Amino acid sequence: MSLANLLKIGRLKTHAANGAEIRRLLAAAARNLADARVSAVSDETRFDAAYKSIMQVALAAMLASGYRPSTSEPGHHQTLIQSLPLTIGLTSDAWVVIDALRRKRNASDYLGDPVEVEALAECVKQAEYLYAAVEIWLRERHPGLLNEDR
């Protein structure tokens, strides 16, 4: 599947990214990642913050690539994760782990399943990795979006 195919089937829409929105998303992702490290709150809240950071950097990568998820369609979190190999070249091994975290988040949010310490640790680890990977990718492929003057 390509980004163009996801556009054709209505999972994506075209989007002209600007630097301000990309920088805001990265700043929000960094704040959420910092919140995920606060041990004074529940593991579920920390997991949610780390997962939100993952979604924000995945969205930044998608926007920088000229697309946005179609939020009128269900499954836009899955589409964001599915797009990571197509945007930043995320490996299939990393993709599988992040998609498992998406399923864990759904089970926690919609079924009340508890978040295990190991799942929290993995979510924080993946959020840290993905944040760094997207930041490097943006610097290499879309440096103008990180400049303050754009």
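Below is a summary of the structure that appears in this document.

Quick look at the pattern of salt bridges now. Taken as a whole and judged by the stated rule, the model has seven salt bridges. Across the salt bridge formed by R46 and D43, the nearest N and O atoms sit 3.9 Å from each other. Residue R46 and its partner D43 are located together in helix α3 (residues 43-64), separated by three residues, close to a single helical turn. The partner of K104 in a salt bridge is E116, with the nearest N and O atoms 2.8 Å apart. Linking K104 in helix α5 (residues 92-111) with E116 in the loop between α5 and α6 (117-141), this pair joins segments that are twelve residues apart in sequence. Relative accessible area serves as the criterion here: at 19%, K104 is assigned to the buried category. Taken together, the shared-partner salt bridges in this structure form one network comprising D99, R102 and R103.

Reading the values: the criteria
Throughout this description, residue numbers start from 1 for each chain and increase along the sequence as written. Where local features are concerned, this predicted model is filtered to residues with pLDDT of at least 70; where side-chain atom pairs are given and counted, the filter is 80 or more; whole-chain, interface and lining totals use all residues. No hydrogens and no water enter the side-chain calculation; it runs on all heavy atoms of the structure. The salt bridge definition used is simple: a Lys or Arg side-chain nitrogen within 4 Å of an Asp or Glu carboxyl oxygen. Runs of H or I in DSSP of at least four residues are treated as helices and runs of E of at least two as strands, each being numbered from the N terminus. When a residue's accessible area, from a 1.4 Å probe over protein chains only, is under 20% of the maximum for its type it is buried; when over 50% it is exposed; and in between it is partly exposed.

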